[in-house]
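Residue strings, one per chain:
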There are 2 protein chains.
Amino acid sequence: MAEKAAKQGEIPVGAVVVKDGKIIGKGFNQRERKQLATKHAEIVAIEKACKRLKSWRLDGCQIYVTLEPCPMCAGAIANARIDTLLFAAEEKTSSDGLLQSILSSLRLNHKVEVKRCEGKEDAQLLLQNFFKEKRKKSSK
Amino acid sequence: MAEKAAKQGEIPVGAVVVKDGKIIGKGFNQRERKQLATKHAEIVAIEKACKRLKSWRLDGCQIYVTLEPCPMCAGAIANARIDTLLFAAEEKTSSDGLLQSILSSLRLNHKVEVKRCEGKEDAQLLLQNFFKEKRKKSSK
């Protein structure tokens, strides 16, 4: 999914929602193509999973993301009552503890478990190459 | 917009995005009706404003919300580069400082200004009546 984003000139981030070992929603970043600030990979994947299950509640689901989610997406993961977030690459500013605060927000009687998943190097490489290409183009 | 939500059995929250004194996007909470965890008032209003301006960037815009935004919506407001958030009623757990942390997240080279707006009592009353009715129905 992240590779699909890169091919369309989007920051390469991909996400899938899984239930009982099956993918029930997948998405990639489409912010530029759709010109919507909300169209991050996680939001697309969550909305697809909700439509598939015909429910805003994604209890018993896991979400896999190639990059540590931004505050909006972390909030969406908590709002959807997803059980577990698994991400590959870290965000540069991940040390600020904001992700944990959002995922265990007092507003919701729900806490999302956070784990790391495989693919960190691939996800990072994809992002690095994307920004390298972008800098090349903008300096031309 | 919040009243529209209440009439449809949704938690009554409404939002409008304003640019140069004109409403360019409005929304109300549609989580239950659409069965989508992401369909909060702010997200609906932001997506409409992006479509109107044909841009994911909402520079120079203000968003008015009847209730202090959740982490997902605060993140979306920051992602959309909205200038100012104005909200009426406070969330019960607003003392945790999470909103400010999200709106000035280090990830974005952008800081959303936060102000209070008129309508606090009306917004609170609408919410209180909604939950009172809900409790009545569930105890019948």
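This text goes with the structure placed above it.
**Notes on unusual backbone geometry**
The backbone of Lys54 of chain A sits at a positive phi, close to 55°, despite the residue not being glycine. Here Lys54 of chain A lies in the loop between helix 3 (41-53) and strand 3 (61-67). The exposure class of Lys54 of chain A is exposed, given its relative accessible area of 68%. Phi angles above zero are rare outside glycine, and Gln35 of chain B is one such case at about 50°. Here Gln35 of chain B lies in the loop between helix 2 (31-34) and helix 3 (41-53).

**What about the interface of chain A and chain B?**
Reports of interface size often rely on the accessible area that becomes lost once the parts have come together. Listed by partner, the interface residues are 34 residues for chain A and 34 residues for chain B. Of the roughly 2,800 Å² buried between chain A and chain B on both sides combined, carbon and sulfur atoms contribute 63%. Area buried by chain A at its contact with chain B is led by Gln35, Trp56 and Arg107 of chain A, which between them contribute 25% of it. Inspection of the region where chain A meets chain B yields 2 salt bridges. Among the salt bridges present, the one from Lys39 of chain A reaches Glu47 of chain B, with a minimum N-O distance of 3.2 Å. When contributions to the side of chain A that touches chain B are tallied by element, the ones reaching two or more residues are helix 2 (31-34), helix 3, helix 4 (71-79) and helix 5 (98-103) of chain A. Broken down by class, the residue content of the side of chain A that touches chain B amounts to 15 nonpolar, 9 polar and 10 charged.

Thresholds, definitions, all that
- Residues numbered from 1 in each chain as written.
- Chains lettered and ligands numbered in written order.
- Predicted model: local features only at pLDDT ≥ 70, side-chain atom pairs only at ≥ 80, totals over all residues.
- Heavy atoms only, no water.
- Helix = DSSP H or I, 4+ residues; strand = E, 2+ residues; numbered from the N terminus.
- Buried < 20%, exposed > 50% of the residue type's maximum accessible area, 1.4 Å probe, protein only.
- Contact = heavy atoms within 4.5 Å.
- Buried area = accessible area lost by both parts, 1.4 Å probe.
- Salt bridge = Lys/Arg side-chain N within 4 Å of Asp/Glu carboxyl O.
- Nonpolar A, V, L, I, M, F, W, Y, C, P; charged D, E, K, R; others polar.

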